There are 6 protein chains.
Amino acid sequence: MKVVTLGEIMLRLTPHGYNRLVQADDFEAVYGGAEANVAAALANWGEYAAFVSKVPAHEIGQGAVNALRRCGVETRFLLRGGERLGIYYAERGADRRASNVIYDRAGSAFALSAPEEYDWPHIFDGADWFHFTGITPALGKNAEKIAEAACREAARRGITVSCDVNYRSKLWEEGRAGNVMEKLLGYADVCIVNENQAKELFGIEGEDALPRMAERFSLRAAAFTYRRTEDALHNRIWSVLYAGGAEYTSRKYEMEMVDRIGGGDAFAAGLIYALGHRYAPQKAVDFAEAASCIKHSVPGDFCLCSVEEIESLAAGGACGRVSR
Amino acid sequence: MKVVTLGEIMLRLTPHGYNRLVQADDFEAVYGGAEANVAAALANWGEYAAFVSKVPAHEIGQGAVNALRRCGVETRFLLRGGERLGIYYAERGADRRASNVIYDRAGSAFALSAPEEYDWPHIFDGADWFHFTGITPALGKNAEKIAEAACREAARRGITVSCDVNYRSKLWEEGRAGNVMEKLLGYADVCIVNENQAKELFGIEGEDALPRMAERFSLRAAAFTYRRTEDALHNRIWSVLYAGGAEYTSRKYEMEMVDRIGGGDAFAAGLIYALGHRYAPQKAVDFAEAASCIKHSVPGDFCLCSVEEIESLAAGGACGRVSR
Amino acid sequence: MKVVTLGEIMLRLTPHGYNRLVQADDFEAVYGGAEANVAAALANWGEYAAFVSKVPAHEIGQGAVNALRRCGVETRFLLRGGERLGIYYAERGADRRASNVIYDRAGSAFALSAPEEYDWPHIFDGADWFHFTGITPALGKNAEKIAEAACREAARRGITVSCDVNYRSKLWEEGRAGNVMEKLLGYADVCIVNENQAKELFGIEGEDALPRMAERFSLRAAAFTYRRTEDALHNRIWSVLYAGGAEYTSRKYEMEMVDRIGGGDAFAAGLIYALGHRYAPQKAVDFAEAASCIKHSVPGDFCLCSVEEIESLAAGGACGRVSR
Amino acid sequence: MKVVTLGEIMLRLTPHGYNRLVQADDFEAVYGGAEANVAAALANWGEYAAFVSKVPAHEIGQGAVNALRRCGVETRFLLRGGERLGIYYAERGADRRASNVIYDRAGSAFALSAPEEYDWPHIFDGADWFHFTGITPALGKNAEKIAEAACREAARRGITVSCDVNYRSKLWEEGRAGNVMEKLLGYADVCIVNENQAKELFGIEGEDALPRMAERFSLRAAAFTYRRTEDALHNRIWSVLYAGGAEYTSRKYEMEMVDRIGGGDAFAAGLIYALGHRYAPQKAVDFAEAASCIKHSVPGDFCLCSVEEIESLAAGGACGRVSR
Amino acid sequence: MKVVTLGEIMLRLTPHGYNRLVQADDFEAVYGGAEANVAAALANWGEYAAFVSKVPAHEIGQGAVNALRRCGVETRFLLRGGERLGIYYAERGADRRASNVIYDRAGSAFALSAPEEYDWPHIFDGADWFHFTGITPALGKNAEKIAEAACREAARRGITVSCDVNYRSKLWEEGRAGNVMEKLLGYADVCIVNENQAKELFGIEGEDALPRMAERFSLRAAAFTYRRTEDALHNRIWSVLYAGGAEYTSRKYEMEMVDRIGGGDAFAAGLIYALGHRYAPQKAVDFAEAASCIKHSVPGDFCLCSVEEIESLAAGGACGRVSR
Amino acid sequence: MKVVTLGEIMLRLTPHGYNRLVQADDFEAVYGGAEANVAAALANWGEYAAFVSKVPAHEIGQGAVNALRRCGVETRFLLRGGERLGIYYAERGADRRASNVIYDRAGSAFALSAPEEYDWPHIFDGADWFHFTGITPALGKNAEKIAEAACREAARRGITVSCDVNYRSKLWEEGRAGNVMEKLLGYADVCIVNENQAKELFGIEGEDALPRMAERFSLRAAAFTYRRTEDALHNRIWSVLYAGGAEYTSRKYEMEMVDRIGGGDAFAAGLIYALGHRYAPQKAVDFAEAASCIKHSVPGDFCLCSVEEIESLAAGGACGRVSR
């Protein structure tokens, strides 16, 4: 399977341990972003995964490139230029103190890149799958156009298009998200969203929300992800996949989390992997949810877990025994 | 509100992670002490909070000053001189291995300072509230006299006096604590204590212990704090406030703790803040308990949490969701 | 009590926090090994404990010697020479991601040492107890002969011999373990094993498995240890000791673990300590299990906990309160 | 002496040791900026030093405030708001590999703040001295106007105005620097510059450059600073002060540097301190140069050295002996 | 230019700062090896550089793969399997205490790999250059045959072959090195060696040693590298290149080193780059020596410096000024 | 050789890198003290070396014991009890900023221990050599008496007594040092001192100062150590030994230092080792000076260098080449 993802990659700065941002004398530095995380997971699982974006030509931009290459992501389509790499500060919460994210991504090389800089026919040559999330068009008019151009070319070529709606209200101007996502989902074959977003953006709610999502956007598969927050380190997650006219509910996981960020992206990567490898729907949603679950035990944005580990967890195998 | 607190600030040395003291090749260094922690919390919440003590003129003393200034504590009344800053070694426990504290505070600049070094009329000029804990008079005859002089001057000026009894039997000579605290509580308007201490020091116990505390010491408000220890990292806490002739029980919290130390001081700071801002008693005890709860999720002695975070927790709001 | 243990000590490399091995830019370095861990625990508890092995004459070998000396282990019988110190990489798991151990111990100085290098009469001069585990003979024909020579000399002198079967199938050639352990247990007075191993190696199972183990090998005491794995950080452990014709079940512990490795060795050390000090069987198994439990809260291989801490836990004392 | 400085404070991110930016998995985090560094030095020396700027209301902005407060800088005039705190990445060089700085400061809260947000009459109430550098007006039209308004009000009140020209060509649009600095120096009483900048911005060069600088801008004192770079860690520095119609050359220092950044700001702070305390010119330039020299031995942007240390170095005292 | 290198990559473990190996509680972990370092430098400079070796299929082997991918090295020809990745412990020296390296590489996946596992026609498809060092055949008969097969196939295809003799007497059986290197250099077009090695292995010494090396092995280019050791952190280096019948001496560098290891490999990479890009001989040797020099300022095995930095140093440009 | 040393061991707290004490958020923790350092060096060189002192029974005291055991020092004569372990804060200097030490050692377990707690006949059983420094009697009347009792018993048994005068004026009451050291040196066979101390304490100066020292105190050997301070990291050291009626000057070393502390103690250890092994005087002073020199390259108080390394340096061998 050859997957292309499009989006922004940022430098993530995290204080050590459970220190708050105001206590930080050191920051752990990793790189990540919704679509970059999907590419990293897929590359880690042995798939061809190209990440498309624009990063500055300086050393911090190179740091992002290197982080992707380290995982085996194909980076030759990454544009180089612009002024800055977006940053986000991520404070780990604990107990009743929630984790906290401060974005400092305005003016990034990607957000300011022009649609005509991307040579989609070249990028998509030989590709099977294109993935993006709702964060990309939220970054501005340019990014929206880039996403649309990519979708159009992918559709033209019959490449499967998946979209994780990933709605973050703070990133959007009031009222813009619904229209833009409506338009872009028109190109999609697979969509991941949650109940609140389906309702807020598309007015779709109720027991038949998932089939209606699928119908509205002519989707081959649609998934709702669920997350219940007990406290900063304990979440319960599960998901429902609608495919072939039926709904499939994944296993549920009560998790004690090491790193909350990237959990949804691991789900998306897992779903792409499973659908791309033609897993039956139940197995597909279980694989995707297991990928999401186990990602929460790994520091950083990326799901650095093997297919074997995920399969074993998805199959309900005993977990947690020391392997030695 | 202008708050003055009096006491000792120490250097706290903690091994990394869950290492034991005998394993330590590095110590995390923070500064703290019961009354300093109260001042830091109040300053962090935007109040004027002056901390009064004496620290050596050398760099370690300066480190303590800087830690307080970093939080916005008013440090201009800190005396400089003497030989040493007290130290305490704090080992984090885990599971059934309790946390362990070793004090090395004898002979500190504060404990050896003389009552006449403190210019209380100057210090209290414009102040609304004076706070100290039972640790201060426990440090010796000098410290007892300093505390008493402060109490007298505060009372003379009609400044509200609060005292957290904070009884640590190891710090007191046999039998001295009851008399001294009896005397000092005579100046207090607000008192924080727990059931065991009320019984051991003042012979007050039973269902009406709180009202009797209030009556015995003519208190405007008295609070009992409760802590049940499940294991080194899991505690259950709540409190009861007696004010205006009635008892108000706070919400209860079952906590998974990051840092146990300073939890009681955050309660005291919260109560001062709430009473000073004329919160109704139920809201006051809920604010104080929420401050205490959330402090346990923050490394170090200080409650580096905002009023908004505490209000949100006290109001029973959903907690733990990533803020992004 | 004078205890001698024989086995391999390795360098253990662990990524910081919950990082995976592929994320490691730093490794925490400690030294450990089943029998070395037993010696370290006993020395830490004030007993004479000599560790016998062979380590390279270079600085990494010296690092192992120093780690043992730091705990008070007698190291004068350690042979110096050979090419390498065995290594194991240990990745901490979390939640449903299991901990992972990669051994890199082939060709170690100990595994390649010759039986005639060990002067057992000299080593055992004045000793009361000899302990080894099934890992030692698993390391090869040489190590098996060394273990057998030690057992023979110990038996000849009437020294108590204990063996923790510690069966790791990966270390043994197919089918070799049963015969070798059968032979070596012939010298043993005390044996620690678990149900699966008793069945797989000796065909002993069922309700009377423990008495049959004791009978088969003429043991003074035999113990079954139990471990149920909830997830990577939560285990439930207990044990049953058979001694004097009766079975004694220890308290059970549900643990939140800091470091899983060395938990079984702490049990062995605890049992040796308790039996050597002539504890009654119930008290002995409770002490051993408490030692095992509390070890899981300490980073590294060694049980750096005091007899007082273990006694207090075994006695069911309140645990987890800050000691100050 | 009461000093007010105006400018931008940034988050500085530095890889550990001599790691390059592309190798960084951790960044040391400190806060600094030319005028903030001057304020920190003066506050550290016991002077009243207020820093005026605008920082975001979020936790990273608060981190900057706390770093200043920690040194005793007066922060009550700091505006809060805007989106981001500027960042700079600083890579330590070694041997022939130069140190490298990447600025990511566009769009900062300060650069986008409006002149009318600053209440100069209030800020300057009681002040003796106002200091800024050429970096401030370089940040854009807004910052230029803010600087000019401050200069005007300072001049109106007879407050001494000092300016460190600090010309960084990358920050300025082509050709703008000369005119702007010409205008702002019109308000200055004291100016620090180097030979290249005097020539490039003002066309002043030759043996009498310093007196001509003083004459052109009606300065009470003007200083040229010199730096010769041997390699990334070895520099030679000295300076010449023109005051009262004569030139005074400082001692020269060949330095092995720990942290190159902030060396010029320490000179400025030292000169302000010395002139403010009415040191004779030779003593003044020696003090300023010693402050600069010793700063290079301290990590971070701030000159965390005492007046005593600087005086001792300036006086040519033996240096480097362990003080014990 | 498409370069293929063949050799072993190891895990390098280094204590922090100037700690000795026996003091290490943490090891910095990087990956490196003579030929891997050459590939990393070339990939870093934008060239296609494939590294050929065999590493275990486990996570430590993956760590080596990831380190190479991070730099852009082509890793698809890396065989996976075998038991262990070689290790070397590297202690940084200081002043008169020399740096110390302990190898623990016996039995590595590469050393035990079989010649027939390598598909040279496939690997060399499209390649221009093949590089190896004398360390590879030193690792044993297998590795020698692998190197010879590679040389043969490269020669057959007219691919340029370069060899860095890199003689380490400890790695070779007595007397074997001369014959083996004699044979392998028969395939070489470019050779790097030093005076001592030329004399010891080939009996070539004297003023005309370089031309005689070239003649003996029909080399297009031969280089002698020189290193004078003042102390553990200060070395003086230069080199002489013989090409086209003349000798070209590089600039000399007196260095204060951050990391000694990989300096020679940076020279080799620089020479390959320069000759491959058809630099004139003087420029080529200056580029190679500058690459070597600047590498010594970077932690780790790899020369993470840009072509621009190296060109600038080689051109004698001012060095060490902060770039901002 | 069996050596006994007597003195205080402290916890040393050092900020990371070149951070100043006021910047420290972490302290490196090692243990050391003049006489403990001598014992550690000798044990490291394979000699029996017992350290006699008193440390608290708590975990920090145990940390000191463990640090000594790690090096092989005999710790069974260490008394346990008292309240605190002395501390010293050590800030590394750089360039012209001197290193800084703050002692916090008053009230230590050793300083408050009673002479009758030490069973010298038992301690000295089988010993050949007793060493102490002038720091011990400086710690107070108790410590002086302990030192004198030790000297008396050593003299009675014909054990060689060595004393490093190690005069620190801050530790002594005015005028007390001369008399006390005069008395104690009456027991000494070997004395180490420097010119200033000889003059200040004993009025001995001039060209024949060393012979006069030897004569005055009937010494078998007397040494003057010299240290010239260029800056915080560069010192020049050498020494002169008077023995058998002649003076022997050691090699001189210009050092770039990693850790200044313990350099003098390494000299003392080296001299004891050399004289105890009956080295000729020139070889003895060269060995001692080389031990001192190489210690400066090792972090911490202890001279963790081998006899081979020292002999090689003393013999003027090439130094600094990587050993691989």
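Note that the structure is a prediction, hence the values are computed from the model and not measured.

Conventions adopted
- Position labels on residues start from 1 in each chain and follow its written sequence.
- Both sets of labels track the order of writing: A upward for chains, 1 upward for ligands.
- For this predicted model, a pLDDT threshold of at least 70 governs which residues receive local features, and a threshold of 80 or more governs which side-chain atom pairs are given and counted, while totals over whole chains, interfaces and linings are taken from all residues.
- Hydrogens and water molecules were not included; the side-chain quantities draw on all heavy atoms of the structure.
- Here a Phe, Tyr or Trp ring, Trp counted by its six-membered ring, pairs with any other such ring whose centre lies within 6.5 Å, and the pair is stacked when the planes are under 30 degrees apart, edge-to-face when over 60, and tilted otherwise.
- Only DSSP runs of H or I reaching four residues or more are called helices, and only runs of E reaching two or more are called strands; each is numbered from the N terminus.
- Only protein chains enter the area calculation, which uses a 1.4 Å probe; residues under 20% of their type maximum are buried, those over 50% are exposed, and those in between are partly exposed.
- Look at NZ for Lys and CZ for Arg. If either is within 6 Å of the ring centre and within 35 degrees of the ring normal, a charge sits over the ring.
- We call two residues contacting when some pair of their heavy atoms lies within 4.5 Å.
- We define buried area as the total accessible area lost by two parts upon association, computed with a 1.4 Å probe and summed across both.
- Whenever Lys or Arg places a side-chain nitrogen within 4 Å of a carboxyl oxygen from Asp or Glu, that contact is recorded as a salt bridge.
- N or O atoms closer than or at 3.5 Å make up a polar contact, with two conditions inside protein: a donor-capable atom paired with an acceptor-capable one, and, for residues adjacent in sequence, both atoms drawn from side chains.
- Note that Gly is not counted as nonpolar here; it falls among the polar residues with everything else outside the nonpolar set of Ala, Val, Leu, Ile, Met, Phe, Trp, Tyr, Cys and Pro and the charged set of Asp, Glu, Lys and Arg.
- Any two strands are treated as partners once DSSP identifies two or more bridges connecting them.
- Only residues with pLDDT of at least 70 in both copies contribute their C-alpha atoms to the least-squares superposition of the copies.
- Axes here refer to lines fitted to C-alpha atoms; in helices the fit is confined to the stretch in contact. Angles between the N-to-C directions go from 0 to 180 degrees.
- What sets the label is the angle itself: under 35 degrees gives roughly parallel, over 145 gives roughly antiparallel, 65 to 115 gives roughly perpendicular, and the rest give oblique.
- Each crossing gets its hand from how the near helix is turned against the far one by less than a right angle, where anticlockwise is left-handed and clockwise is right-handed.

Caption draft 1: Broad picture of the packing of aromatic side chains. Scanning the entire structure with this criterion turns up 90 aromatic pairs over all chains. Centroid distance A:Tyr273 to A:Phe287: 5.2 Å. Interplanar angle 20°. Geometry classified as stacked. Here A:Phe287 lies in helix H10 (residues 281–295) and A:Tyr273 lies in helix H9 (residues 263–276), a separation of 14 residues in the sequence. We classify A:Tyr273 as buried; its relative accessible area is 8%. Feature note: the residues A:Tyr118, A:Trp120, A:Phe124, A:Phe130 and A:Phe132 constitute an aromatic cluster, connected by ring pairs. Lying across the ring of A:Tyr48, A:Lys2 places its NZ or CZ 4.5 Å from the centre. Across from the ring centre of B:Trp238, 4.3 Å away, lies the NZ or CZ of B:Lys252, which sits over that ring.

Caption draft 2: Summary view of unusual backbone geometry. One non-glycine residue, C:Ser218, lies in positive phi territory at about 50°. In this structure, C:Ser218 sits in the loop between helix H8 (209–216) and strand E12 (221–231). When its relative accessible area of 60% is taken as the criterion, C:Ser218 is described as exposed. In this structure, F:Asp95 takes a positive phi of about 50° despite not being glycine. Its location among the elements puts F:Asp95 in the loop between strand E7 (87–91) and strand E8 (100–104). Overall, the relative accessible area of 3% leaves F:Asp95 in the buried class.

Caption draft 3: Structural detail: the interface of chain A and chain D. In this complex, chain A contributes 25 residues to the contact, which on the side of chain D involves 25 residues. Here chain A packs against chain D, burying approximately 2000 Å² in sum over the two surfaces, 57% of which is carbon and sulfur. Its largest share of buried area at the contact with chain D, chain A owes to A:Val22, A:Phe27 and A:Glu59, together 25% of the area lost on that side. One salt bridge in this structure joins A:Arg84 and D:Asp104, with 2.6 Å as the shortest N-O distance. There are nine residue pairs in polar contact (both at pLDDT 80 or more) connecting chain A and chain D. No other element matches helix H2 (residues 59–70) of chain A, which puts six residues into the side of chain A that touches chain D. Looking at side-chain class alone, the side of chain A that touches chain D contains twelve nonpolar, six polar and seven charged residues. Note that strand E3 (residues 26–32) of chain A and strand E3 (residues 26–32) of chain D share three bridges and pair antiparallel.

Caption draft 4: Structural context of the relation of the copies chain A and chain D. With an RMSD of 0.0 Å, the fit of chain A onto chain D corresponds to turning through 180° and sliding 0.0 Å along the axis. Taken together, the rotation angle and the small translation identify this as a two-fold axis. Minimal C-alpha separation from the rotation axis in chain A is found for A:Phe27, amounting to 2.6 Å. A shared interface surface links the copies, since 100% of the contact residues of chain A are contact residues in chain D too.

Caption draft 5: Just the sheet that holds strand E2 (residues 10–15) of chain A, in detail. Spatially, eight strands are ordered E8(A)-E7(A)-E2(A)-E3(A)-E3(D)-E2(D)-E7(D)-E8(D) in an open sheet, and the strand pairing comes out mixed. Looking at the sheet topology across the chains shown, the edges are occupied by strand E8 (100–104) of chain A together with strand E8 (100–104) of chain D. Averaged over all adjacent pairs, the angle separating strand axes in this sheet is 30°, with direction ignored. Inspection of the sheet shows E2(A) paired to strand E7 (residues 87–91) of chain A by three bridges, in the parallel sense. Following the sheet pairing, A:Leu11 is matched in E7(A) by A:Ile87.

Caption draft 6: Focus on the pairing of strand E2 (residues 10–15) of chain C. All names here are of chain C. The buried count for E2 comes to six of six residues, which makes it a mostly enclosed element. Side-chain alternation along E2 places Met10, Arg12 and Thr14 on one buried face and Leu11, Leu13 and Pro15 on a second face that is also buried. Direction of pairing for E2 relative to strand E3 (residues 26–32): antiparallel, over a ladder of six bridges. If you follow Leu11 over to E3, its bridge partner there is Tyr31.

Caption draft 7: Inspection of the packing of helix H9 (residues 263–276) of chain E against helix H10 (residues 281–295) of chain E at higher detail. All names here are of chain E. Direction vectors running N to C along H9 and H10 enclose 150°, while the axes themselves pass 7 Å from each other. As far as their axial angle goes, H10 and H9 are roughly antiparallel. When the axes of H9 and H10 are compared, the crossing they make is right-handed. Residues Gly263, Gly264, Ala266, Phe267, Gly270, Leu271, Tyr273, Ala274 and Leu275 of H9 pack against Ala284, Phe287, Ala288, Glu289, Ala291, Ser292 and Lys295 of H10. Here the contact of H9 with H10 is composed, by residue class, of ten nonpolar, four polar and two charged.

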